[in-house]
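Single-letter residue listing:
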Amino acid sequence: MKLSVLSLVMLCLPFLFPTASEATVRLGVMSPTGEATAMKQWSPVAQELETLLGEDVVLIALNAGNILDQLDNGALDVVIGNPVQAALATTGMQAQAVASVVKKSGQQFGGVIVANPNAGIATAADLKGKKVMTLKNTAAGGFIFQTHYLLGLGVTSPDDFGHHAVAKNQKDIVNLVAKGAFDAGFVRTGMVDNMVARGEISEGDVIIVDRKETAGFPHAHTTILYPEWMVFAHTQYDPQNVSRMREALIKLAEGTPALEAARVQGFAAPQDLSGIIDALNAVGMLPAASN
């Protein structure tokens, strides 16, 4: 049987132009506690996105040291990462903001300066000459936010401290400050409340310096509040696909098994990153071209 030219063209169309279900989204996720943990945590979300988008979603877990490089060289289409990565990507790589991650405490978090009650620290300006423990200088809630805040008070972190040490985790910081081994420390919002709730420290073991409360936010903080984790896309990712991805993420309803596995409440429209960009600029973390 002979086929017409039109019939032949119709038969070949699926091979010439892949259907939506054959398209692939390369979704990178930052893995602060290991790639295997991140894959388990975010795989259900990737599966839900496959259904909503009608496309294959390949989840790739990467550490903080190489996830932006992989986005920059085109190996990733979309990234779920922390706000520092989002700010660096949007300023230095012209990445596109897709969505904000809504965590249990909301879409924001901030920095906390904890102090031993007997250290003689009444305000943050009193940190000059004190023994202070922080996370590494790339940690948003464990160094950058507090350093930016202190600069406004005329205190340079860590140069103005009497002694500075870097911890591997925030629990160690709180415990060592509570015991008096350090006068003060930097942690993210919620850390002290969670440790008290778990019975790891008692109320009053540490104080929050320059304590602030914000309506609708459950934790006390020292610094202003900044955006939580973000979803952002490669600069050349089709804007229509960015919109489709945003809509799909926002459709994921609170309480679904996928979001429970990811330990988040959902996704929302992307927040303004100008505050964290200002903080990164102040502490010298932005490339010169972005200043």
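This text goes with the structure placed above it.
I will try to describe carefully the structure that is included in this document. (Residues numbered from 1 in each chain as written. Predicted model: local features only at pLDDT ≥ 70, side-chain atom pairs only at ≥ 80, totals over all residues. Heavy atoms only, no water.)

Notes on the overall build of the protein chain
Here is step 1: Looking only at helices and strands, one finds 10 helices and 12 strands in the protein chain.
Here is step 2: The C-alpha extent of the protein chain, read off along each of the three principal axes, is 95 × 45 × 30 Å.
Here is step 3: The buried share of the protein chain, taken over its 291 residues, is 44%.
Here is step 4: Long-range contacts, defined here as pairs at least 24 residues apart, represent 78% of the contacts in the protein chain between residues at least 6 apart. (Helix = DSSP H or I, 4+ residues; strand = E, 2+ residues; numbered from the N terminus. Buried < 20%, exposed > 50% of the residue type's maximum accessible area, 1.4 Å probe, protein only. Contact = heavy atoms within 4.5 Å.)

Brief notes about the pattern of salt bridges
Here is step 1: Throughout the structure, instances matching the rule amount to seven salt bridges.
Here is step 2: Where Arg244 meets Glu55, a salt bridge forms, and the shortest distance between an N and an O atom there is 2.8 Å. Taken together, the residues Arg244 in helix α8 (residues 239-251) and Glu55 in the loop between α2 (35-53) and β2 (56-62) connect sequence positions 189 residues apart. (Salt bridge = Lys/Arg side-chain N within 4 Å of Asp/Glu carboxyl O.)

Observations regarding the sheet that holds β2
Here is step 1: Overall, mixed pairing links the six strands, which are arranged β2-β1-β3-β11-β4-β12 in an open sheet. Since the sheet does not close on itself, it has two edges, and those belong to β2 and β12 (266-268), each with one partner. When strand polarity is set aside, the average angle formed by the axes of neighbouring strands in this sheet is 25°.
Here is step 2: Contacting β1 (24-30), β3 (78-81) and β11 (230-233), helix α4 (residues 83-92) runs over the sheet at an angle of about 25° to β11.
Here is step 3: Where α8 meets the sheet, it contacts β1, β3, β4 (96-102), β11 and β12, and its direction lies at approximately 5° from that of β4. (Pairing = 2+ DSSP bridges. Axes fitted to C-alpha atoms, helices over the stretch in contact; angles between N-to-C directions.)

Regarding helix α6 (residues 170-179)
Here is step 1: The set of residues buried in α6 consists of Gln170, Ile173, Val174 and Val177. Across the axial projection of α6, the buried residues extend over an arc of 95°, all falling on one side.
Here is step 2: For α6, the secondary structure elements touched by its buried residues are β5 (108-115), β6 (131-134), β8 (184-188) and α7 (191-197).
Here is step 3: Taking the backbone nitrogen of Lys171 as reference, a side-chain oxygen 3.2 Å away marks Asn169 as the first, capping residue of α6.
Here is step 4: Following α6 by one or two positions, Gly180 adopts a phi angle in the positive range, close to 90°. (Arc of directions from axis to C-beta. Polar contact = N/O pair within 3.5 Å; in protein donor to acceptor, adjacent residues only side chain to side chain.)

Here we look at the nonpolar core
Here is step 1: Within the largest apolar cluster, 70 residues are counted, with the highest numbers of intra-cluster contacts made by Trp42, Leu49, Leu127, Val231, Phe232, Leu249 and Phe267.
Here is step 2: For this core, the element with the highest residue contribution is α2, accounting for six residues.
Here is step 3: Membership of the second largest hydrophobic core comes to 19 residues, among which are Val187, Met191, Ile201 and Ala220. (Core = buried A, V, L, I, M, F, W, Y, C linked by side-chain atoms within 4.5 Å.)

Details of the side chain of His234
Here is step 1: Looking at the secondary structure, you find His234 in the loop between β11 and α8.
Here is step 2: When its relative accessible area of 15% is taken as the criterion, His234 is described as buried.
Here is step 3: A polar atom in the side chain of His234 sits 3.0 Å from the backbone nitrogen of Gln236.
Here is step 4: If sequence neighbours within four positions are ignored, His234 has contacts with Leu71, Asp72, Gly74, Leu76, Asp77 and Gln96.

Focus on empty space enclosed by the protein
Here is step 1: Going through the model one piece at a time under the given rule, you end up with one cavity of 30 Å³ or more.
Here is step 2: If you add up the space inside the largest cavity, you get close to 40 Å³.
Here is step 3: Around the largest cavity, the lining residues are Val112, Arg188, Thr189, Gly190, Met191, Val192, Asp193, Ile208, His219 and Ala220.
Here is step 4: Per-element tally for the lining of the largest cavity: the top contributor is α7, with three residues.
Here is step 5: The class makeup of the residues in the lining of the largest cavity is five nonpolar, three polar and two charged. (1 Å grid on protein atoms, 1.4 Å probe; cavity = no way out; pocket = protein on both sides within 12 Å on 5 of 7 lines; lining within 4 Å. Points joined across faces, edges and corners; volume = space filled by probe spheres on them. Nonpolar A, V, L, I, M, F, W, Y, C, P; charged D, E, K, R; others polar.)

Side note on the side chain of Asp77
Here is step 1: Within the fold, Asp77 resides in the loop between α3 (67-72) and β3.
Here is step 2: In terms of polar contacts, Asp77 uses its side chain to reach the backbone amide nitrogen of Arg26, at 2.8 Å.

Quick word on the environment of Met245
Here is step 1: One can find Met245 in helix α8.
Here is step 2: It is 9.1 Å that separates the C-alpha atoms of Met245 and Val78, two residues lying 167 residues apart in sequence.
Here is step 3: If we ignore the near neighbours within four places in the chain, the residues touching Met245 are Val25, Leu49, Leu53, Val78 and Val98.

Quick look at unusual backbone geometry
Here is step 1: Look at the link from Ser157 to Pro158: it is a cis peptide, with omega at 0°.
Here is step 2: Along the chain, Pro158 turns up in the loop between α5 (140-151) and β7 (163-166).
Here is step 3: Positive phi values are uncommon outside glycine, yet Asp210 reaches one of about 50°.
Here is step 4: Examined against the element boundaries, Asp210 turns out to sit in the loop between β9 (207-208) and β10 (225-227).

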